[in-house]
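Coordinate analysis (summary)
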Amino acid sequence: MDAAVGLPDAWSQVRAPVIVPLLKLAVAVCLLMSVLLFLERLYMAVVIVGVKLLGRRPERRYKCDPISEDDDPELGSAAFPVVLVQIPMFNEREVYQLSIGAVCGLSWPSDRLVVQVLDDSTDPLIKEMVRMECERWAHKGINITYQIREDRKGYKAGALKAGMKHGYVRECEYMVIFDADFQPDPDFLHRTIPYLHHNPEIALVQARWRFVNADECLMTRMQEMSLDYHFKVEQEVSSSVCAFFGFNGTAGVWRISAVNEAGGWKDRTTVEDMDLAIRASLKGWKFVYLGDVQVKSELPSTFKAFRFQQHRWSCGPANLFRKMLLEIVTNKKVTIWKKFHVIYNFFLVRKIVAHIVTFTFYCIIIPTTIFVPEVHIPKWGCVYIPTIITLLNSVGTPRSFHLLFFWILFENVMSLHRTKATLIGLLEAGRANEWVVTEKLGSAMKMKSANKASARKSFMRMWERLNVPELGVGAFLFSCGWYDVAFGKDNFFIYLFFQSMAFFVVGVGYVGTIVPPS
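As the structure is a prediction and not an experimental result, all values here were calculated from the model.

Conventions and cut-offs
Residues numbered from 1 in each chain as written. Predicted model: local features only at pLDDT ≥ 70, side-chain atom pairs only at ≥ 80, totals over all residues. Heavy atoms only, no water. Helix = DSSP H or I, 4+ residues; strand = E, 2+ residues; numbered from the N terminus. Buried < 20%, exposed > 50% of the residue type's maximum accessible area, 1.4 Å probe, protein only. Areas by Shrake-Rupley, 256 points an atom, 1.4 Å probe, with all protein chains shown as cover. Core = buried A, V, L, I, M, F, W, Y, C linked by side-chain atoms within 4.5 Å. Contact = heavy atoms within 4.5 Å. Phe/Tyr/Trp six-rings, centres within 6.5 Å; stacked < 30°, edge-to-face > 60°. Lys NZ or Arg CZ within 6 Å of the ring centre and 35° of its normal. UniProt positions renumbered as here; feature names shortened; annotations may be inferred. Pairing = 2+ DSSP bridges. Axes fitted to C-alpha atoms, helices over the stretch in contact; angles between N-to-C directions. Salt bridge = Lys/Arg side-chain N within 4 Å of Asp/Glu carboxyl O. Expected span 1.5 Å × (residues − 1). Parallel < 35°, antiparallel > 145°, perpendicular 65-115°, else oblique. Left-handed = near helix turned anticlockwise from the far one by under 90°. Nonpolar A, V, L, I, M, F, W, Y, C, P; charged D, E, K, R; others polar. Disulfide = S-S within 2.5 Å. Patch = residues over 30% accessible without salt bridge, like charges linked within 9 Å, V, L, I, M, F, W, Y side chains within 5 Å.

1. Some details on the overall build of the protein chain
The helix and strand tally for the protein chain stands at 17 helices and 7 strands. Seen through its C-alpha atoms, the protein chain measures out along the principal axes to roughly 95 × 60 × 40 Å. Within the span of the protein chain, comprising 518 residues, buried residues form 54% of the whole. Entry remark: accessible area of the protein chain is about 23,800 Å², with carbon and sulfur atoms responsible for 62%.

2. Here we look at the nonpolar core
Membership of the largest hydrophobic core comes to 143 residues, with the highest contact counts inside it found for I100, F188, W254, I278 and F287. Excluding residues that lie within four positions of it along the chain, F188 makes contacts with L106, V176, F178, A207, A251, V253, V293 and V295. Ranked by size, the runner-up nonpolar core spans 7 residues in total, among them M44, I48, Y229 and V237.

3. Regarding the packing of aromatic side chains
A full pass over the atoms with the stated rule returns 27 aromatic pairs. A cation over a ring is seen here: R307 above F308, with NZ or CZ 5.6 Å from the ring centre.

4. Observations concerning the UniProt feature "transmembrane region" (unreviewed entry) in the protein chain
Here, the residues flagged by UniProt with the feature "transmembrane region" (unreviewed entry) are residues 25–51, 352–372, 384–410, 466–486 and 492–515. Secondary structure content for residues 352–372 is 86% helix and 0% strand, while the C-alpha to C-alpha distance between its ends is 28 Å. Helix makes up 63% of residues 384–410 and strand 0%. Its end C-alpha atoms lie 19 Å apart.

5. Some points on the sheet that holds strand β7 (residues 286–297)
As summarised here, the arrangement of the 7 strands in space is β3-β2-β1-β4-β6-β5-β7, forming an open sheet in which the pairing is mixed. Two strands lie at the open edges of the sheet, namely β3 (144–148) and β7, each paired on one side alone. Each adjacent strand pair in this sheet contributes to an overall mean axis angle of 20°, direction not counted. Here strand β5 (residues 202–211) runs beside strand β6 (residues 252–255); their pairing, made up of 3 bridges, is antiparallel. By the bridge assignment for β6, Q206 is matched with G252. Docked against the sheet, helix α4 (residues 124–139) engages β1 (83–89), β2 (113–119) and β3, running at close to 160° with respect to β3.

6. With respect to the environment of V27
With respect to the secondary-structure elements, V27 resides in helix α1 (residues 2–54). Setting aside chain neighbours within four positions, we find V27 in contact with I365, T369, V375, H376 and I377.

7. Re the pattern of salt bridges
Taken as a whole, this structure holds 21 salt bridges when the rule is applied. Measuring nitrogen to oxygen at the nearest pair gives 2.3 Å for the salt bridge that ties E135 to R131. Here E135 and its partner R131 are both found in helix α4, 4 residues apart, which amounts to about one turn of the helix. Sharing partners across several salt bridges, the network here consists of R57, E59, R191 and D292.

8. What about helix α11 (residues 336–369)?
For α11, spanning 34 residues, the distance from its first C-alpha to its last is only 41 Å, which falls clearly below the expected 50 Å at 1.5 Å a residue. Across the 34 residues of α11, 28 count as buried, placing the element largely inside the fold.

9. Here we look at the packing of helix α16 (residues 468–487) against helix α17 (residues 493–507)
For the pair α16 and α17, interaxial distance at closest approach is 8 Å and the crossing angle is 160°. The angle between the axes of α16 and α17 places the two elements in the roughly antiparallel class. When the axes of α16 and α17 are compared, the crossing they make is left-handed. Contacts between α16 and α17 involve E470, L471, V473, G474, A475, L477, F478, C480, G481, W482, D484 and V485 from the former and F493, L496, F497, Q499, S500, M501, F503, F504, V506 and G507 from the latter. Each residue belonging to the contact of α16 with α17 can be placed in one class, and the counts come to 15 nonpolar, 5 polar and 2 charged.

10. Thoughts on the state of the cysteines
Summed over the entire model, instances satisfying the criterion amount to 0 disulfides. Unpaired in this structure, C134 has its nearest cysteine sulfur neighbour in C104, at a distance of 7.5 Å.

11. A closer look at the pairing of β6
A two-sided burial pattern is seen for β6, the buried positions comprising G252 and W254 on one face and V253 and R255 on the other. Two strands pair when backbone bridges link them, and strand β4 (residues 174–177) and β6 are joined in this way by 4 bridges, in the antiparallel orientation. Bridge pairing in β6 links V176 to V253.

12. Here's the deal with a nonpolar patch on the surface
Together, L218, F405, F406, I494 and F498 make up a nonpolar patch on the protein surface, roughly 490 Å² of accessible area in all. Residue assignment for the nonpolar patch shows that the elements contributing at least two residues are α13 (404–427) and α17. The exposure class of F405 is partly exposed, given its relative accessible area of 42%.

13. Observations concerning the environment of G263
Within the secondary structure, G263 sits in the loop between α8 (256–261) and α9 (272–282). Between the C-alpha atoms of G263 and L276, which are 13 residues apart in sequence, the distance is 7.9 Å.

14. What about unusual backbone geometry?
Excluding glycine, a negative phi dihedral is what most residues carry, and trans is how most peptide bonds are arranged. Residue Y155 is not a glycine yet carries a positive backbone phi of 55°. When you line up the elements, Y155 lands in helix α5 (residues 155–163). Assessed through its relative accessible area of 31%, Y155 is described here as partly exposed. The phi torsion at N491 lies on the positive side, around 60°, for a residue other than glycine. As for its position among the elements, N491 is in the loop between α16 and α17.

15. Section: the packing of helix α10 (residues 303–330) against α13
Packing of α10 against α13 brings their axes to within 7 Å, and their N-to-C directions diverge by 40°. One element, α10, and the other, α13, form an angle in the oblique class. By crossing handedness, the relation of α10 to α13 is classed as right-handed. Together, F303, F306, R307, Q310, H311, S314, C315, A318, N319, F321 and R322 of α10 and F410, M414, H417, R418, A421, T422, I424, G425, L426 and L427 of α13 make up the contact between the two elements. Considering only residue class, the contact of α10 with α13 consists of 11 nonpolar, 7 polar and 3 charged.

16. A word on the pairing of β4
Burial of the side chains of β4 extends over both faces: Y174 and V176 are buried on one face and M175 and I177 on the other. Looking at chain direction, β1 and β4 are connected through 4 bridges and run parallel. Its bridge partner lying in β4, Q86 is registered against I177.

Written out as structure tokens, the structure reads:
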């Protein structure tokens, strides 16, 4: 009885001097981060409108005349630079034929094209299938080599680095990277190489991704909305304003001399592509983004694959920021404006603040203030700013505007994993260098029949699909919603109930493509 009476007394004694000030501080910090994110989004919107109105297209800013044998008939195919195409793979049973076939179909003189299939597969059967596919194209006259390593040291970065050590690479001037699920159009090289060929200051030409399975499920539609904003706005603005953006790891063409000058591939983080891009930029090299050159690719359509991908994409940049901050600050080859852009816009706001504020503010701080009515959150911080940010994000995918409500809820759910990964990267904790290859399904799902499993198997698969963190956050938000119904005044329960339902749906595994048992 004394313990029951003492608990409310202890709460009342701690509430005013400790809980209220700490919660007010947390609200102030989250509001500041929201303002920073809002200003960054507003800046991007203003710049992209200016870019469109002024017509600052890459072909107007750089020379990009097509390369042709007609320029010097005596040279013939020697007029074309030698291009190395690398395809890193790891147990890509479903998509290896698509990527190899698309690369071998590139319209470039066969004697000026070298294709490397860098296979780190651990499944002997898949390795044999990939090797035979390479031999099949070699018999057709394609200069294609099948490369394997004794171990997976460095993962993708290690494979790419090993591929660059072969003697024949010294004859190549440019290199192109395509992940195993990417399928370039035949004219890809003709549309990208001229920018590098005619402009010696350019190190990288990045193409846009086009998603072949965007309509597969609601989760892929949500991914498309986020990535379209990244490609149509973020990379377009960065390319136009300061000729710098993060290399996406695939569908890009590099000048090999720039890669070598920057120090080559490094495996110190899980974002070896971003690492190389920043080091090359700090050497003074320029990047060009070509939004109208699109390469077909596949979005992860299972929640497990998407979650691992987002962990890598969130943890890696935060860890790289930790490792490179001092190097960026002390660099003497680039302007202060470019340093500011890389540190503030590229890293701090987009890679750290955006993840942390989404989860902490909307899934922890706002629900917690319901129990502490002394702490007030202004409407501009919890309603107006988030609404404007959401609308600005929607410009990338106008066809999905009607899905904005679901996109908000899904992004808030994923912010749980992104925030956790960001903190792991900043603190360089245990999973900072964890690398899990994103699973691709290719056309496998269309070929499999959804046979009914037994009740016991369904029960076991249900338990296997449970995501405990999402269920925990969902229960917290749901309880906050009921407390707000009973005692609150700000009507936060409307948002809390919807958001808790989103966490519950993800928590029980009903999101993305459900792979039938084999």
